[in-house]
Structure formats: C-alpha cells, structure tokens
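Structural overview
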Amino acid sequence: KLHIDRIKKIKIDEMVSLADVEFKVFSQFGEDGIIQFLINNIIIEKRIFVEFGVENYMESNTRFLLFNNNWSGFIMDGSKANMSEVKSRNFYWQHDLTAKEAYITKDNINDLIVNAGISGDIGILSIDIGGNDYWVWKAVNVISPRIVICEWNGVYGPNLSVTIPYDENFSSDSRYRYHYSGLFSGASLKALIQLAESKGYQFVGSNSAGNNAFFVRNDLAGPFENITRKAEYIESKYRDSKDKNGNLNYLSGSDRLKEILDVEVYETNMRKNIVLRELINLKGN
C-alpha cells in the first residue's frame, strides 16, 4: 500500500523510466509496480485480464492485480498439474478467476479467449510463453486490451527485428532442445515494438530486468508521452546459458548472441527465415 501511495504521487512528466515505479509482490521482477502505475493513469472500464504462460500462478504479472484490485481474470498454462494447483488454492474461490489447461498456439488462442466469455475491450493482456509470443500476439484479434505486456529476449540486442520461426511445438520448457544454450527463444524488443505499432499500441518501456515490455493502446497513450520518448532497449543480465554438455556457462552480454549465430530466425521486415549470422553480416550490426 505504501508503494502504491508513492506511485500515485509520482508526476509522469518527471519520470525517467518505468523503473521509477517498480515493486515486486507476486511478479518476477518489478512488474507489479509498473502495472499499478499504468492502471492508475488509464481509465479501465472492464477490469478484466488475460494472462497465459503462468505456470502455477505463484509468480505472475496479474496475481497482485487480482488480490489488490479485485480484477476478474482468465489464466492459462499448458500443465494440468499447474492449473489443478491453482484451483486448489483458497484465492481461486475468493476471486473471479478462471484457470484453464491449454497448449496455446496462434491457431487456437482466439477460440480459447472467446470460449472463456471474454471479448472486446479489456484491461490487460499478458503474454509469457517463452517461444511463440510474437506469433500468438499477432494472431490475437478478439480482444482489444488497453495494456499489453509481452516477454522479449534481450539476447538479440537492440537492432534486430527477429523472432523464432513459428513452431507449434516450441515452448519455454523445450528451448534447450532447439539449441543447447537455451538462448534461442522468443522475439527481439524491436520486433515486438513494430508488431505493437501495427496493432495500434505504443511502447512505454520495459522493466529494468530487460525481459518484459509494456504497451498502451494508442487512444490512451497520451499521458505517457514523456516516458515513451525515453523508452529504450535494456540489456538483460540473465546468465542461464548452457554449453554442449548441458552445464551452465554463464555467458553474458554480446557473448550470448555469438553463441547462437548459426540458428535460423524470422526477420519480420524481410518476412523470411534467415540464419542469424547471415542477417548480422547483411545489416552490418
């Protein structure tokens, strides 16, 4: 409550970045504070969220929103055990929350949302599936969230607009099968920003950990103009890469990108798959 009171007093024009409002209760990093800041500066008519890739929901972007603000929500995860655990918790009957076991693809995402009784204008969409995030968000067309949160992969750096080629079988649990390092996953920030713009959203910034990007629908983004101008790529500090023997090798910075130069990515402007090394040489990055 003290953190929220502090956030309410912050003047947007004096903010440097979303890091100014971060705090963590149930989120992985400071997303709880960023969400509180955004919803306190946007009129939300339908206090509904959709979040998928939540695992057992103990650590998520919307749990504090459920507890503190009493929003209604729909969460999904591919694990039956995870969703059963959520349903066994007291908060499941204490709040208006629906949990569904579902393996999400670009082809079923809209049906999953509509079948949950959700459509049109809602408060928040949060995407964290560790692989096809770009493709699934691109496919979503049955809801118009006022705020979108999407995980991104900082390994690709600030200049590449790339994502993994769509593969229905790719998930965060399988990333080490696609490349031994585990570094090949998701989409670059630049790719997500361009996708957001095509869908009518403005990038307002990332968490300071450099893995979750926040977007506000254009018709509501006016108050955030100051921080939007300053919003930029933030290099993540994750060092969870593995060597060919499956041992952690703690790569950081540009060494992470060098490790996956032989993978094939999808370049969103060229609209084709290309080996990462060839793309970097082509662009001179």
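Digging into the layout of surface pockets
The volume enclosed by the largest pocket comes to roughly 1100 Å³. Along its surface, the largest pocket is lined by 44 residues, and Asp128, Ile129, Gly130, Glu151 and Ser172 are the ones closest to its centre. Each residue belonging to the lining of the largest pocket can be placed in one class, and the counts come to eleven nonpolar, 21 polar and twelve charged. As a volume, the second largest pocket reaches approximately 150 Å³. Around the second largest pocket sit Gly154, Val155, Gly157, Pro158, Tyr233, Glu235, Gly253, Ser254, Arg256, Leu257, Lys258 and Leu261, which together line it. A class-by-class count of the residues in the lining of the second largest pocket yields five nonpolar, four polar and three charged.

Some thoughts on the packing of aromatic side chains
For any pair of aromatic rings, the description consists of the separation of the ring centres together with the inter-plane angle of the planes. Tallying each qualifying case throughout the model produces 15 aromatic pairs. For the ring pair Tyr134 and Trp135, a centre distance of 5.2 Å and an interplane angle of 85° mean the geometry is edge-to-face. Classification of Tyr134 as buried rests on a relative accessible area of 7%. Geometrically, the ring pair formed by Phe170 and Tyr178 is tilted, given 4.4 Å between the ring centres and 45° between the ring planes.

Points about helix H9 (residues 189-198)
Think of an α-helix as 3.6 residues a turn; residues three or four steps apart then line up on the same face. Buried within H9 we find Leu189, Ala191, Leu192, Ile193, Leu195 and Ala196. Residues of H9 that are buried make contact with helix H7 (133-139), strand E5 (143-151), strand E6 (162-163), strand E7 (201-206) and strand E8 (212-217). Residue Gly200 follows H9 closely and has a positive phi angle near 90°.

Digging into the pattern of salt bridges
When the charged atoms of two side chains with opposite charge come close together, those side chains can pair. Enumeration according to the criterion identifies eleven salt bridges in this entry. The partner of Arg146 in a salt bridge is Asp121, with the nearest N and O atoms 2.5 Å apart. Of this pair, Arg146 sits in strand E5 while Asp121 sits in strand E4 (residues 120-127), and the two are 25 residues apart along the sequence. Comparing Arg146 with Asp121, the two get one shared label, buried. Asp255 is the partner of Lys258 in a salt bridge, and the nearest nitrogen-oxygen pair spans 3.9 Å. On the criterion of helical spacing, the pair formed by Lys258 and Asp255 is a turn pair, its members being three residues apart in helix H11 (residues 254-259). In the salt-bridge network here, residues are joined through shared partners; they are Glu45, Asp121, Arg146, Arg217 and Asp219.

Thoughts on the sheet that holds strand E9 (residues 264-267)
In a beta sheet, neighbouring strands are held together by backbone hydrogen bonds and run either parallel or antiparallel to one another. If you trace the three strands from one edge of the open sheet to the other, you get E6-E9-E10, paired in antiparallel fashion. The open sheet has two edge strands with one neighbour each: E6 and strand E10 (272-275). Pairing of E9 with E10 involves four bridges; the strand directions are antiparallel. When the sheet's bridge partners are listed, Val265 is paired in E10 with Ile274. Packing of helix H12 (residues 276-283) onto the sheet brings it into contact with E6, E9 and E10, and relative to E10 it is tilted by some 90°.

Examining the sheet that holds E4
Reading across the sheet, the seven strands line up as E3-E2-E1-E4-E5-E8-E7 and stay open at both edges, with mixed pairing between neighbours. Across the chains shown, the open sheet's two edge strands, defined by having one partner strand only, are strand E3 (97-101) and E7. Neighbour-to-neighbour, the strand axes of this sheet turn through a mean angle of 20°, independent of strand direction. Taken together, the four bridges between strand E1 (residues 48-52) and E4 define a ladder with parallel strand orientation. Counterpart to Val50 in the pairing with E4 is Leu125. Contacting E4, E5, E7 and E8, helix H2 (residues 31-39) runs over the sheet at an angle of about 10° to E8.

Side note on the side chain of Glu22
Positionally, Glu22 belongs in the loop between helix H1 (2-9) and H2. Looking at Glu22, its side chain comes within polar contact range of the main-chain nitrogen of Ser208, at 2.6 Å. In this structure Glu22 touches Arg6, Gly30, Gly33, Ile34, Asn207 and Ser208, once residues within four positions along its chain are discounted.

Focus: the pairing of E8
Regular strands have side chains that alternate between both faces of the sheet. By the criterion of burial, E8 is predominantly enclosed, with six of the six residues buried. Alternating residues of E8 divide into Asn212, Phe214 and Val216 and Ala213, Phe215 and Arg217, and every residue in both groups is buried. Two strands pair when backbone bridges link them, and E5 and E8 are joined in this way by five bridges, in the antiparallel orientation. Within E8, the residue paired with Glu151 across the bridge is Asn212. As judged from the five bridges shared by E7 and E8, these two strands associate in the antiparallel manner. Each residue of the ladder has a partner; that of Phe203, found in E8, is Phe215. Taken together, E7 and the strand that follows it, E8, pair antiparallel across an intervening segment of five residues, in which Gly210 is found at a positive phi of about 75°.

Here is what the cut-offs are and how they apply
Residues numbered from 1 in each chain as written. Predicted model: local features only at pLDDT ≥ 70, side-chain atom pairs only at ≥ 80, totals over all residues. Heavy atoms only, no water. 1 Å grid on protein atoms, 1.4 Å probe; cavity = no way out; pocket = protein on both sides within 12 Å on 5 of 7 lines; lining within 4 Å. Points joined across faces, edges and corners; volume = space filled by probe spheres on them. Nonpolar A, V, L, I, M, F, W, Y, C, P; charged D, E, K, R; others polar. Phe/Tyr/Trp six-rings, centres within 6.5 Å; stacked < 30°, edge-to-face > 60°. Buried < 20%, exposed > 50% of the residue type's maximum accessible area, 1.4 Å probe, protein only. Helix = DSSP H or I, 4+ residues; strand = E, 2+ residues; numbered from the N terminus. Contact = heavy atoms within 4.5 Å. Salt bridge = Lys/Arg side-chain N within 4 Å of Asp/Glu carboxyl O. Pairing = 2+ DSSP bridges. Axes fitted to C-alpha atoms, helices over the stretch in contact; angles between N-to-C directions. Polar contact = N/O pair within 3.5 Å; in protein donor to acceptor, adjacent residues only side chain to side chain.

As far as function goes, none of this settles anything; it's purely spatial.
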